Amino acid sequence: MSRKIFVKLSILLVAILVGGVAAAWADNETAPGRDPKQPVDEAYTTKIKKYTTEPYFSSPLVDYLPASKTVPTPEAVLGDVAGAPGILPYAEEVYKYMRLLEKASPRVKVFSIGTTEEGREMIAVAVSSEENLKRLDANRALLAKLADPRTIQMNDAEAEKIAGQAVPVYYITGTIHSPETGAPTALMELAYRLAVDESPYIKEIRDGVITLITPVVEVDGRDRMVDIYRWHLAHPKEFYPPLIYWGKYVAHDNNRDAMGVTLKLTENVLNTYVDWKAQVLHDLHESVPYLYDNTIGDGPYNAWIDPILADEWGMIGWRNVADMTKFGMPGVFTHGDFDTWSPGYLMFIAALHNGISRLYETFGNGGADTRERTLEPEEYARTWYKQNPPLPKTLWSQRDNNNYEETGLLTSLHYFNENKRLFLTNFYLKAKRSILKPQAEGPAAYVLPASDTRPTLQADLLRVMEKQKVEISRATAAFSVSMPVKEEKKDKKEAGSKQKEEKPKTETREFPAGSYIIRMDQPYSRIADALLDHQYWSPDDPQKTPYDDTGWTFGELFNVQVVRVTDPKVLDASMERVKEIRVRSGVQGEGSVLAIDNNAEPALATLRYRLKNATMEAAEEEFEAGGRKFHRGTFLIKGVSRADLDTATKDLGLEAVAIASAPNVPTHPLQAARIAFLHTWLGTQTEGWWRLALDKLQIPYDYISTQTIANIPDLNEKYDVILFPPVGWGASPAAIINGLPTGWGNPLPWMNTPLTPNLVGKNDSTPDMRPGLGWEGVAKLQRFVEKGGVLVSVMDTARFASSIGLTIGVNIGSSGKMKIVGSVLGTRFVDSASPIAYGYGEKLSAYCDDGPIFSLTGTVSGRRQRHLGPEMHERPTGRGTLDDPDFVVGRPVAKAPEQPEAEDWENPPLTDEQKHNNPRVIPPAQLPRVILRYADAKDLLVSGLVEGGGEIAQHPAVVDVPAGKGHVVLFSINPVYRGETEGSYSLVLNTVMNFDSLNSGRKDAAK
Ligand SMILES: [Zn+2]
């Protein structure tokens, strides 16, 4: 079929479909279609048609713009229509337009909802009838009763009544992902339509719903993206720089923060969603042709959502597909392969606060260029859930994208309004069922015992709950509950072979006064339950490609005790609501020596840097003083007044104890080490979580790129420790060294210029992002370690450190069938005398994403000795039974020397033959020291998915490798991740503070 005929046919098809729409609506349901009495803005409408590349990429809802004598159209700010080629507004311009609307129309109100990390404003725009906007507070009070059914004594009849009166709130959020650029202009025009259009279809939405719009979620990233686009327009023939920074800290992961709420944008949207008592949070993304409503998605669904929500996803999503399909718009679908397991997505704020989460992936061009787009076969294939798939090849414009976004939103708002009574009742019902959790599926509460030895970490975890609007109580007296007795895990071989011993099924557990109780009989119990519970993703699950992390259990990752209590008696304990999380702190006791016990709390490092001039020593052994036991790594502080230490510790929630005299144990200095924080120009997101953690802890560092290393004359003169956090996306050593190709193309600047005033923000800059570390940089890093510096490397940067020969005695293997997708794994401390382990117990739960798998070698990577003959595991063929020795006829039995054996995390001992005249043998003092290892296979999985875990079980997780006078510390886990892993931060912070004493406690070497 020629293109021309195809287009003509398509127009015909659209005409038929649109013509048939009226008959497709339910009784008394208003069909889309403009009000013939209201004039159309002809010039604007002509441009909409001009920028829409095919008629079927539009709908009767957006193919015209109603005219208004008083209200300005988006053209007033953009200089053209929404979605026009070449035009991307800065956030400020979008806000300017929204405020023009507010000024011109009583149907629009703009609210400031907070600022970003870089101080830019975030807004929410409410669009509804004048009457509704006048009654905002009264309406909010009605919605609040549905949001918290306790306020109406869970009276269903009362709730029904309110559901018939209240105006629901539908909250739309745009462009959280900065290269997904279309939403702001779509939302500008949507706000105009909702305020101005007198068509019955739109008027009903306006009268029946409060549409709340945050047009730009990632404001810092938006402004950088617009900069890049302007640069591209000014240099049309050149490659333009990739958007290496979005927000100050992270890029795409800003949509994985809805658990930890560490970013301002998450906090601001969460507060807005909860304050407005909204029923829906609908987040706009762009990556899939042409509109994928991915909230229905695929399994497994998050286990903690109310099934009512799953039903709502289905109702709204399939109806959305149906409506747009009837308009003749191709490529609209739902289902797809996205699972809704992880609650980290921004939209999930609604899912776990009794609302409805929704997410669109529309088709963006990463800017406002109109481009020919060619799809992959799987994208245009017709499948059962994609009956009208996208076209294999088409010209695609930002206006097309805006048409899809607006049409999808308007049909959703229409359907939501038509069924608002049901959705409001569901909103109430989900809240009520949250409150009934203790009696229904349970648990009754989570308890965080007052006896926890990590009060600052406990407080941090509780503050996450506070940000999530979870009610927290504190026991005013000791209490006890009945707990199920946990059966010990057994290896699969053992299990079932022996009969189960008779044991009591429950036991009593006591909790001291002051313990925190998170009651599950509250409206937002689901979010607390989802974050504090354990996750299990079966390796047999039909979903083979988890979309994101599979485990996140906060108590485990924060290294604090969180007890899941099913006994409803816990709710009768004497308790009070907590207004502020406070930790017992300050200086206690009398004596000349100030000591702070070490329990691996990150606040200790903050104290070290805050009191920079004080002398702090670490106790290398545990000791007792004043009737108290102090752990290894205890801080012994001199050179600071008691008053100053009291102020600092009160600020940080630490407890210092004045003891009579210095303990009789070896000590070494704790240093406020000078940190270089090394990043590449390949990806900055995974390290961004590290920056965020250090900034929150107020630990200073120089943020430098791999490009600068070669130009620093003497790294050791400036720095003690170089942190090289993961690059992400499995960056190869070659990519870290080479960067992007410089043999062709043009420089890719990341600098502030008049054309790009927002690029740099508070991060780094370069005239050309392409060059990497280079071989001179490699040599500098090697020299830095040789001369006594410490290099911390993690996952892909550990591979890099290994590839440049800095990790003698450690092999990094590749996995076969292992699959660990963002899971929480059990680990065990191997060498608690190492300063890196200070403050920890025997175990730690840690975040792992597929390794890498470390093994020690004992010799410098020589070729493996060739074995002749078969592998001998037991005994050779011969006389006797399996356990008997064989014999040789004609001579007495020769006793074989014992074969050296080692655990998977240990150095394999060498045989006498291997040691003979072998310069590759590593002397004891130079051997890598394993600090932490992965647990045995049966204890490996704490939360999430582990398949083929035997490959990594027992292998080293953290290794301290001596190199010259310095050290390279290798991490297989990621200890600093998404604000969720505070419990493992101290592994890094200990390394930093003890950088020049890492050999203390070494068994096999002189200091
Ligand atoms: Zn996205």
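Residues numbered from 1 in each chain as written. Predicted model: local features only at pLDDT ≥ 70, side-chain atom pairs only at ≥ 80, totals over all residues. Heavy atoms only, no water.

1. Some details on helix α2 (residues 42-51)
Of all the residues in α2, the buried ones are Tyr-44, Thr-45, Ile-48 and Tyr-51. Axial view of α2: buried residues confined to an arc of 135 degrees, hence all on one face. Opposite the packed face of α2, turned more than 90 degrees from it, sit the exposed residues Glu-42, Ala-43, Thr-46, Lys-49 and Lys-50. In this fold, the buried residues of α2 make contact with α3 (75-78), α8 (183-196) and α15 (398-418). (Buried < 20%, exposed > 50% of the residue type's maximum accessible area, 1.4 Å probe, protein only. Helix = DSSP H or I, 4+ residues; strand = E, 2+ residues; numbered from the N terminus. Arc of directions from axis to C-beta. Contact = heavy atoms within 4.5 Å.)

2. Quick notes on the sheet that holds strand β20 (residues 615-619)
Taken in spatial order, the six strands line up as β18-β24-β19-β23-β20-β25 in an open sheet, and their pairing is mixed. Strands with a single pairing partner mark the edges of an open sheet, and in this sheet they are β18 (586-588) and β25 (667-669). For this sheet, the mean angle separating the axes of adjacent strands, direction not counted, is 30 degrees. Strand direction decides the pairing type here: β20 and β25, joined by three bridges, are antiparallel. Its bridge partner being in β25, Glu-617 is matched across the sheet by Pro-669. Along the sheet face, helix α20 (residues 603-610) touches β19 (593-596), β20 and β23 (635-638) and points at about 20 degrees away from the line of β23. On the sheet, helix α21 (residues 642-652) packs against β18, β19, β23 and β24 (655-659) and is oriented at approximately 125 degrees with respect to β18. (Pairing = 2+ DSSP bridges. Axes fitted to C-alpha atoms, helices over the stretch in contact; angles between N-to-C directions.)

3. Notes on unusual backbone geometry
Of the consecutive residues Gly-299 and Pro-300, the connecting peptide bond is found in the cis state with omega at -10 degrees. Here Pro-300 lies in the loop between β6 (291-293) and α12 (307-326). A cis amide bond, omega 5 degrees, links Gly-851 with the succeeding residue Pro-852. If you trace the backbone, Pro-852 turns up in the loop between β33 (843-848) and β34 (853-856). Not every positive phi belongs to a glycine, and Met-795 is a case in point at roughly 55 degrees. Along the polypeptide, Met-795 turns up in the loop between β29 (790-794) and α27 (796-803).

4. Quick word on empty space enclosed by the protein
The method is simple in principle: a probe with the dimensions of a water molecule rolls over the atoms, and the space it marks as empty is what remains. Under the definition given, this model contains four cavities of 30 Å³ or more. In this structure, the largest cavity encloses a volume near 60 Å³. Forming the boundary of the largest cavity are Glu-117, Glu-218, Gly-247, Lys-248, Tyr-249, Val-250, Leu-263 and Leu-265. (1 Å grid on protein atoms, 1.4 Å probe; cavity = no way out; pocket = protein on both sides within 12 Å on 5 of 7 lines; lining within 4 Å. Points joined across faces, edges and corners; volume = space filled by probe spheres on them.)

5. With respect to the coordination of the zinc ion
At this site the zinc ion is bound by His-177 (ND1), Glu-180 (OE), Glu-180 (OE) and His-285 (ND1), with donor distances of 2.1 to 2.5 Å. Around the zinc ion, the four donor atoms are arranged such that angles at the metal cover 55 to 151 degrees; this shape is classified as irregular. Of note, the zinc ion draws all its donor residues from one chain, in the sequence arrangement H-x2-E-x104-H. Of the two residues, His-177 and Glu-180, neither departs from the other in class, the shared state being buried. (Donors = N, O, S within 2.8 Å, 3.2 Å for Na, K, Ca; no water. Tetrahedral: all angles 85-135°; square planar, octahedral: opposite > 155°, others 65-115°.)

6. With respect to a nonpolar patch on the surface
Together, Phe-887, Val-889 and Val-893 make up an exposed nonpolar region whose accessible area comes to about 350 Å². Among the residues examined, Phe-887 registers a relative accessible area of 47% and is labelled partly exposed. (Patch = residues over 30% accessible without salt bridge, like charges linked within 9 Å, V, L, I, M, F, W, Y side chains within 5 Å. Areas by Shrake-Rupley, 256 points an atom, 1.4 Å probe, with all protein chains shown as cover. Salt bridge = Lys/Arg side-chain N within 4 Å of Asp/Glu carboxyl O.)

7. Brief notes about the side chain of Thr-334
Within the secondary structure, Thr-334 sits in strand β7 (residues 332-334). We classify Thr-334 as buried; its relative accessible area is 0%. Apart from the residues lying within four places of it in its own chain, the contact partners of Thr-334 are Tyr-292, Asp-293, Ile-296, Gly-317, Trp-318, Val-321 and Tyr-385.

8. So, the sheet that holds strand β15 (residues 516-519)
Strands sit in the order β16-β11-β15-β12-β17 across an open sheet of five strands; the sheet is antiparallel. The open sheet has two free edges, formed respectively by β16 (563-565) and β17 (575-577), since each of these has just one partner strand. Averaged over all pairs of adjacent strands, the angle between their axes in this sheet comes to 30 degrees, without regard to strand direction. Note: strand β11 (residues 445-448) against β15, four bridges, orientation antiparallel. Counterpart to Leu-448 in the pairing with β15 is Tyr-516.

9. Digging into α27
Turning to α27, its buried residues number three or more, namely Asp-796, Thr-797, Ala-798, Phe-800 and Ala-801. Of the residues one or two after α27, Gly-805 is the one with positive phi, at around 80 degrees.

10. Points about the confidence of the model for the protein
Across the protein, the average pLDDT comes to 94, with 94% of residues at or above 70. This stretch, residues 1-23, has a pLDDT under 50; its non-local contacts, to residues over four places away or in other chains, come to 18 contacts. (pLDDT = per-residue confidence, 0-100.)

11. Brief notes about the nonpolar core
Ranked by internal contacts, the top residues of the largest apolar core, which has 156 residues, are Met-98, Tyr-404, Met-465, Ile-518 and Phe-554. Not counting the four nearest positions on each side in its chain, Met-98 is found in contact with Val-108, Val-110, Ile-123, Val-125, Leu-187, Met-188, Ala-191 and Pro-215. Ranked by size, the runner-up nonpolar core spans 86 residues in total, among them Val-587, Trp-750, Met-769 and Leu-825. (Core = buried A, V, L, I, M, F, W, Y, C linked by side-chain atoms within 4.5 Å.)

12. Quick look at the pattern of salt bridges
Applying the stated criterion across every chain, the model contains 52 salt bridges. For Lys-47, the salt bridge identified is with Glu-75, shortest N-O distance 2.9 Å. A residue pair is termed long-range when its members are at least 10 positions apart, and Lys-47 in helix α2 and Glu-75 in helix α3 qualify at 28 residues. In this structure Glu-75 comes out as partly exposed when scored by relative accessible area, which is 24%.

13. Section: a negative patch on the surface
Together, Glu-898, Glu-901, Glu-903, Asp-904 and Glu-906 make up a region of like negative charge exposed at the surface. Relative to the assigned elements, Asp-904 resides in the loop between β34 and α28 (912-915). (Lys, Arg positive; Asp, Glu negative; His and termini not counted. Charge placed at Lys NZ, Arg CZ, Asp CG, Glu CD.)

14. Considerations on the packing of aromatic side chains
All chains considered together, the criterion is met by 36 aromatic pairs. Here Trp-318 and Trp-384 contribute two aromatic rings whose centre-to-centre distance is 6.3 Å and whose plane-to-plane angle is 35 degrees, an arrangement assigned as tilted. Here the residue Trp-318 occupies a position in helix α12, and Trp-384 occupies one in the loop between α14 (377-380) and β10 (393-396), the gap between them amounting to 66 residues. For Trp-318, a relative accessible area of 37% gives the class partly exposed. On the accessibility criterion, Trp-384 (57% relative accessible area) is exposed. Between Phe-333 and Tyr-385, the aromatic rings sit 6.0 Å apart at their centres with planes inclined by 35 degrees, giving tilted as the arrangement. Here the residue Phe-333 occupies a position in strand β7, and Tyr-385 occupies one in the loop between α14 and β10, the gap between them amounting to 52 residues. Three or more aromatic residues joined by ring pairs make a cluster, and in this case those are Tyr-56, Phe-57, Tyr-290, Phe-363, Trp-396 and Tyr-404. A cation sits over an aromatic face here: Arg-879 above Phe-887, 5.6 Å from the ring centre. (Phe/Tyr/Trp six-rings, centres within 6.5 Å; stacked < 30°, edge-to-face > 60°. Lys NZ or Arg CZ within 6 Å of the ring centre and 35° of its normal.)

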